[in-house]
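Overview (structure and organization)
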Amino acid sequence: MTVTQAAPLVRTADREHQDRRWSILVLLCLALLLITVDATVLHIAVPALTAALEPSAVQLLWIIDIYSLVVAPLLIMFGTLGDRYGRKRLVLWGFVLFGVASAAAACAPTPLTLILARALLGVGGAMIMPATLSLIRQVFTDRRERAIALGVWSAVAAAGAAIGPLVGGVLVDFWWGAVFLINVPILLVLLPAAKRLLPESRGRRDRPWDAVSAALSVFGILALAFGLKEAGSGSLLPLWASVLVFAAGLGLLIAFVRRQTRLPAPFLEIGLFRRREFTTGVLGVLLGVFALVGLQLMLAQYLQLVLGDSPVRAALRMLPLVISAVSGGLAAAHILPRVGMRATMSGGLALVALALTPTLTWGVEGHPVMLAVCFVGIGFGVQVALLAASDTIMASAPEAQAGGAAAIEETAYELGAGLGVAVLGTITAIVYAPGLPAVPGVSAGGMDQARQSLASAAHVADQIGGNTGGALLDAARWAFVNALHTTVVVSVVLLSLTAVAVAMLLSRD
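Rules used throughout
Residues numbered from 1 in each chain as written. Predicted model: local features only at pLDDT ≥ 70, side-chain atom pairs only at ≥ 80, totals over all residues. Heavy atoms only, no water. Helix = DSSP H or I, 4+ residues; strand = E, 2+ residues; numbered from the N terminus. Buried < 20%, exposed > 50% of the residue type's maximum accessible area, 1.4 Å probe, protein only. Areas by Shrake-Rupley, 256 points an atom, 1.4 Å probe, with all protein chains shown as cover. Core = buried A, V, L, I, M, F, W, Y, C linked by side-chain atoms within 4.5 Å. Contact = heavy atoms within 4.5 Å. Axes fitted to C-alpha atoms, helices over the stretch in contact; angles between N-to-C directions. Parallel < 35°, antiparallel > 145°, perpendicular 65-115°, else oblique. Nonpolar A, V, L, I, M, F, W, Y, C, P; charged D, E, K, R; others polar. Patch = residues over 30% accessible without salt bridge, like charges linked within 9 Å, V, L, I, M, F, W, Y side chains within 5 Å. Salt bridge = Lys/Arg side-chain N within 4 Å of Asp/Glu carboxyl O. Expected span 1.5 Å × (residues − 1). Bend = angle between axes of the 7 residues up to and from the residue. pLDDT = per-residue confidence, 0-100. Left-handed = near helix turned anticlockwise from the far one by under 90°.

**Digging into the overall build of the protein chain**
When helices and strands are counted, the protein chain shows 19 helices and zero strands. In the protein chain, which comprises 509 residues, the share counted as buried stands at 57%. Approximately 19700 Å² of the protein chain is accessible, and the part contributed by carbon and sulfur atoms is 68%.

**Regarding the nonpolar core**
Among soluble globular proteins, nonpolar side chains are generally buried collectively. Of all hydrophobic cores here, the largest spans 156 residues; its most connected members are Leu-114, Phe-180 and Ile-378. In this structure Leu-114 touches Leu-49, Leu-53, Ile-63, Ala-105, Ala-108, Trp-176 and Phe-180, once residues within four positions along its chain are discounted.

**Regarding the environment of Leu-197**
With respect to the helices and strands, the residue Leu-197 is situated in helix α9 (residues 183-197). Separated by 174 residues in the primary sequence, Leu-197 and Ser-23 place their C-alpha atoms 7.9 Å from one another.

**Here we look at the packing of helix α18 (residues 454-464) against helix α19 (residues 466-505)**
The contact between α18 and α19 brings their axes to 7 Å, and the two run at 170 degrees. In terms of axis orientation, α18 runs roughly antiparallel to α19. On α19, the residues that touch Leu-454, Ala-457, Ala-458, Val-460, Ala-461 and Ile-464 of α18 are Gly-466, Thr-468, Gly-469, Leu-472, Leu-473, Ala-476, Arg-477 and Phe-480. Its residues assigned to classes, the contact of α18 with α19 comprises 10 nonpolar, three polar and one charged.

**Things to note about a nonpolar patch on the surface**
A surface patch of nonpolar side chains, amounting to about 380 Å² of accessible area, comprises Trp-93, Val-96, Val-100 and Leu-120. Sort the elements by how many residues they give to the nonpolar patch and helix α5 (residues 87-106) lands first, with three residues. Counting through the fold element by element, Leu-120 comes out in helix α6 (residues 111-139). With relative accessibility at 33%, the residue Leu-120 sits in the partly exposed group.

**Observations concerning α6**
Across its 29 residues, α6 extends 42 Å between first and last C-alpha, which sits within 8% of the 42 Å expected from 1.5 Å per residue. Taken as a whole, α6 carries its principal kink of about 25 degrees at Gly-125. α6 sits mainly inside the fold: 24 of its 29 residues count as buried.

**Quick notes on the confidence of the model for the protein chain**
Mean pLDDT over the protein chain stands at 78; residues scoring 70 or higher make up 84%. Helix α1 (residues 3-19) is the least confidently modelled element of the protein chain, averaging 50 in pLDDT, while α5 averages 89, the highest of any element. Scored below 50 in pLDDT, residues 1-13 shows three contacts in the model against residues more than four places distant or in partner chains.

**Description of the side chain of Thr-498**
Secondary-structure assignment places Thr-498 in helix α19. Relative accessible area serves as the criterion here: at 5%, Thr-498 is assigned to the buried category. Residues contacting Thr-498, with those up to four places away along its chain left out, are Leu-287 and Leu-349.

**Re the packing of helix α14 (residues 319-356) against α19**
Interhelical geometry of α14 versus α19 gives an angle of 160 degrees and a closest axis separation of 8 Å. Between α14 and α19, the interaxial angle falls into the category roughly antiparallel. At the point where α14 passes α19, the crossing takes the left-handed sense. On α19, the residues that touch Arg-342, Met-345, Ser-346, Leu-349, Ala-350, Val-352, Ala-353 and Leu-356 of α14 are Val-488, Ser-491, Val-492, Leu-495, Ser-496, Thr-498, Ala-499, Val-502 and Ala-503. Of the residues assigned to the contact of α14 with α19, the class counts are 12 nonpolar, four polar and one charged.

**Overview of the pattern of salt bridges**
Considering all chains together, one arrives at one salt bridge under this definition. In this structure, the salt-bridge partner of Asp-474 is Arg-477, at a minimum N-O distance of 3.8 Å. With Asp-474 and Arg-477 both in helix α19, this residue pair falls three residues apart, about one helical turn. The class for Asp-474 is partly exposed, based on a relative accessible area of 41%.

Laid out in structure tokens, this is it:
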């Protein structure tokens, strides 16, 4: 076949994918939904998981956190690999790995096995996630249609994080492993559909793939996130060692950036960060997801272990968060062209801070109506801000660098999710443990176990039973509520400062 014959065939294939662009969007959003649900699906399953596998407090944090901590450092590498060798191929292999890891996690007999399976899930997720954004950029060439597609994408991204506890709450009533096993039949349907529908992206094999840059980015982000997590929790390392790990990660990322500025064909276009809109968009994604996912874990435990909701009831009470997140993503596609990025992003972040404020007055009593109102404000505000950030990030990069730009955005998503759980969870644990006084009739060993987490306290109280067990659970609930207030204050301050920074840094357009 001659070159002149091949060119019309390429254009015909592109036209076919243009015609099927909405079907491709549905497929990509379903894949994204699976990955984002897995980031939070365990939030409501924590009590059942604790009872089944009896993990220590440290193991429980790693079970929840390892997924995001593995995904985040691999996103840039897989994003650039997709740009070079083809995004469709990466998605298909990612589906296979994600399915195998899901089956392994469902059958995990010990906490360590579950941690390793969750890490493997993170690798599969990192292979898929950057391609979902860059393929949207590839098949939606019209800017207005792309804004709508990105609105749907970002709604699914946040709705996945929001719907995770709902899925977990329903499935955990049958068996805690079902929260992972449900992925397998879904992937068996998605895999052949992806093979048939997804376009073959034009790889950039003419450009060298720099393994040194890949290693610097992976280990730099991993060390940065791990060091920050350990500095707060001290689960594996003393404080001085955690600071050294954090500093090493920072050094590796500085070396990565310097290397990119010297390479004739850089691994990642660091020059994108010279654009104020791109950098601010990444910051908005990072802090928005940080607040959403971290607080979601705390509020899921508040509903179950403080208010006494069953997993299903707690999941249903979080449903307004899901609905408002989807609505916010769709509405933002129409809001953004009218009011501009500055007002959209800063207004969304400010709305989340405002919606969180009433929780500072709550105790161990229920607030069903106000809780729903707060969830609506949180979901809608986060999604409006995330859509504005996502549209700017993707519009700032040419199609050839779409995978790299998507990987940066996804890294911000996953770092925000991982750090939200790690940092806010650590703050809660630091305030909770000393806030739980000794309860008469409970042994010193029992109190030590109860101070590890509210779920552990509930487990100890159930074993003791009677008035003593009830007194321990009441004291633990109040200690957790006080710790939750501290976490909310930190989140409100961060969100408010970010909203102000966005309003000052971005232009009105």
